[in-house]
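Coordinate analysis (summary)
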Amino acid sequence: MKGNAPLVTIGVPTYNRALLVRRAIDSALAQDHPQIEVIVSDNASADGTEQACRETARTNPRLRYVRQSSNVGAARNFEEVLQLATGDYFMWLGDDDWIDPNYVRLCLGVLADDAGVALVAGVPHYYERGVGKGPGQSLSLAQHAWWRRVVAYFWRVRDNGVFYGLARTETQRGLLPFNNVMGGDWLHIAGLASKGRVCTIDSTCVHREMGGATTSYAQIARSLGLHPVVGRFPFTFIAWSAFADVAWRHRAYSGHWRSARWMLALAVACSLVCRGAIVASAPARMAWRRAIATLSPRAGV
């Protein structure tokens, strides 16, 4: 049975995560699917990450540890584990996250049975310093038309937990390279959505630690080496990148008519700009409500 099971690669890009990376690796190695390889790409960490990974690799041949000679950036490090994968199926796992033991098996069961499905993920659950904060978004895109899935994705995506789902390795590779831009993970999943349906199953979970490089849009911009203005207006910059990807830049959409791509690009960009306006206006609405409350005769009672 083990010999007939497809090999699944779990890629763990890491940087200065000595205290948590072993938890991520252990959860990957503990999968009840019989054929697993784990690839860790260390982005020239300066803490004890290398030692933690090498200690595990010495006792488990399913773990392959690669250390970059210098920091190649987050996007390139994510690419590295995908390029090194030898499995038929592939998924990323954050170096401070972990997955349930049945995660690969259950996601693979859906993916392998339906060629029309491009990505399967479990429900994301979020934690802050080990304290549970509840589930994230269960995002599924079942639309028949590829362009409907892309538009629906950009309109609905929030925490993007589906990025840590399982997909076919060659499909994932066909969407490279990553662009080092705000929302690069969104652009990648949109490309996958153009190739097939996206499913979230509620019978397994990916557990995600909040913090680090993804604490805020400003922190994301800093971690990517982008100008601070990108962190202040993230949806505007994501909208531009999405427009360029769909209209002419990304090969995920190259097989479709040019006119259809430009119309879709415009729809996607407009939806993202609208979302940005809604997000930007939320603090203003809250401030206005607080001001009204202070003027109320019942205030302070």
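Quick look at the structure, then. (Residues numbered from 1 in each chain as written. Predicted model: local features only at pLDDT ≥ 70, side-chain atom pairs only at ≥ 80, totals over all residues. Heavy atoms only, no water.)

With that settled, consider the overall build of the protein chain. A tally of helices and strands in the protein chain yields 11 helices and 9 strands. Taken over C-alpha atoms, the radius of gyration comes to 20 Å for the protein chain, in line with the 19 Å a tight globule of 301 residues would show. Counting only C-alpha atoms, the protein chain reaches 70 × 55 × 40 Å along its principal axes. Counting the 301 residues in the protein chain, one finds 49% classified as buried. Contacts spanning at least 24 positions in sequence make up 76% of the contacts within the protein chain whose residues lie at least 6 apart. When the accessible surface of the protein chain is totalled, it reaches about 14700 Å², and 57% of it is carbon and sulfur. Here the protein chain carries 33 positive and 23 negative side-chain charges, and the mean point of each set is 9 Å from the other. (Helix = DSSP H or I, 4+ residues; strand = E, 2+ residues; numbered from the N terminus. Rg over C-alpha atoms; globule rule 2.2 N^0.38 Å. Buried < 20%, exposed > 50% of the residue type's maximum accessible area, 1.4 Å probe, protein only. Contact = heavy atoms within 4.5 Å. Areas by Shrake-Rupley, 256 points an atom, 1.4 Å probe, with all protein chains shown as cover. Lys, Arg positive; Asp, Glu negative; His and termini not counted. Charge placed at Lys NZ, Arg CZ, Asp CG, Glu CD.)

If you walk through the whole model with that rule in mind, you get 13 salt bridges. The salt bridge involving Glu50 is made with Arg67; its shortest N-O contact spans 3.7 Å. Linking Glu50 in helix H2 (residues 49–59) with Arg67 in strand S3 (residues 63–67), this pair joins segments that are 17 residues apart in sequence. Accessibility expressed as a relative area gives 27% for Glu50, which makes it partly exposed. Arg67 gets classed as partly exposed once you look at its relative accessible area, which sits at 32%. Residue Glu80 pairs with Arg76 through a salt bridge whose shortest N-O separation is 3.2 Å. With a gap of 4 residues between them, Glu80 and Arg76 both fall in helix H3 (residues 74–84), about one helical turn apart. Its relative accessible area of 38% is what places Arg76 among the partly exposed residues. (Salt bridge = Lys/Arg side-chain N within 4 Å of Asp/Glu carboxyl O.)

As a further point, take the side chain of Asp97. By secondary structure assignment, the location of Asp97 is in the loop between strand S4 (89–92) and strand S5 (98–99). On the accessibility criterion, Asp97 (2% relative accessible area) is buried. At a separation of 3.4 Å, a polar atom in the side chain of Asp97 contacts the side chain of Arg208. Of the polar contacts made by the side chain of Asp97, one reaches the backbone nitrogen of Glu209; its length is 2.9 Å. The contacts of Asp97, once residues within four sequence positions are left out, are Arg23, Ala24, Tyr164, His207, Arg208 and Glu209. (Polar contact = N/O pair within 3.5 Å; in protein donor to acceptor, adjacent residues only side chain to side chain.)

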